[in-house]
Amino acid sequence: MKIDFLFLWAEVGVYYEITNTVLNPWRSNLNKLNKTLPHYDKLFKTTDYELVFTISATQEHKNLVYGPLASSKRKVVHFSIFIPYKTFNCYTQQMFYVLDTIAEGIIFVFNKYKVDPLGIKEVFETLKTLIAKDPDRYQKWLKDLED
């Protein structure tokens, strides 16, 4: 199972600056955990599928996680994580809040399917440590290597 993320900032002025400098290591390190959801392993008859989290921010009070929306044909399972919108004085505080909330949403999904979320929190804590050491680096977008 491959974990991936989409971002949808549906409310005007309600978004977080999540750069690919943050996203790339978090996606890569989550995928290194080699987690699967047995329910979807069985449904799709494979572990070769995508678990996609759409990340959004909202000023409304919503559930943290919505979903799943699954497609057997495309072998993909979608969940949405809604981060309650707040403003912050610095990038580090903002990213800690965002990462903690997304980790909580992902752990919720794994717990829902009775899969041990071991390692998920550690991926986010490691990234938070790196951001704290060099926030300027993680605030910048890296040029895509495919260009």
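Here we summarise the structure given alongside this text. The structure presented is a predicted model; accordingly, all values stated were derived computationally and were not measured.

1. Describing helix H4 (residues 120-133)
- Taking 1.5 Å of rise per residue, 14 residues should cover 20 Å, and H4 covers 21 Å from first to last C-alpha, within 8% of that figure.
- Among all positions of H4, only Ile-120, Val-123, Phe-124, Leu-127, Lys-128 and Ile-131 are buried. When H4 is viewed along its axis, its buried side chains cluster within an angular range of 130 degrees and face the same direction.
- As for H4, its buried residues are in contact with helix H1 (20-31), helix H3 (91-112) and helix H5 (135-139).

2. A look at unusual backbone geometry
- With an omega of 15 degrees, the peptide bond running from Gly-67 to Pro-68 counts as cis.
- Inspection of the secondary structure assignment puts Pro-68 in strand E3 (residues 65-71).
- Positive phi values are uncommon outside glycine, yet Lys-45 reaches one of about 60 degrees.
- Here Lys-45 lies in the loop between helix H2 (38-44) and strand E2 (50-58).
- When its relative accessible area of 76% is taken as the criterion, Lys-45 is described as exposed.

3. Examining the packing of H1 against H4
- Remark: H1 packs on H4, axes separated minimally by 10 Å, with the N-to-C direction vectors making an angle of 150 degrees. As judged from the angle between their axes, H1 and H4 are roughly antiparallel. The two elements H1 and H4 cross, and the hand of that crossing is right-handed. Contacts between H1 and H4 pair Val-22, Pro-25, Trp-26, Asn-29 and Leu-30 from the former with Ile-120, Val-123, Phe-124, Leu-127 and Ile-131 from the latter.

4. Overview of the pairing of strand E4 (residues 76-84)
- Relative to E4, E2 runs parallel, the two sharing 9 bridges. When the bridges of E4 are listed, Thr-58 appears paired with Pro-84.
- Where E3 and E4 come together, 5 bridges link them in antiparallel fashion. Considered in E4, the bridge of Ala-70 is made with Val-77.

Cut-offs and rules
- Residues numbered from 1 in each chain as written.
- Predicted model: local features only at pLDDT ≥ 70, side-chain atom pairs only at ≥ 80, totals over all residues.
- Heavy atoms only, no water.
- Helix = DSSP H or I, 4+ residues; strand = E, 2+ residues; numbered from the N terminus.
- Expected span 1.5 Å × (residues − 1).
- Buried < 20%, exposed > 50% of the residue type's maximum accessible area, 1.4 Å probe, protein only.
- Arc of directions from axis to C-beta.
- Contact = heavy atoms within 4.5 Å.
- Axes fitted to C-alpha atoms, helices over the stretch in contact; angles between N-to-C directions.
- Parallel < 35°, antiparallel > 145°, perpendicular 65-115°, else oblique.
- Left-handed = near helix turned anticlockwise from the far one by under 90°.
- Pairing = 2+ DSSP bridges.

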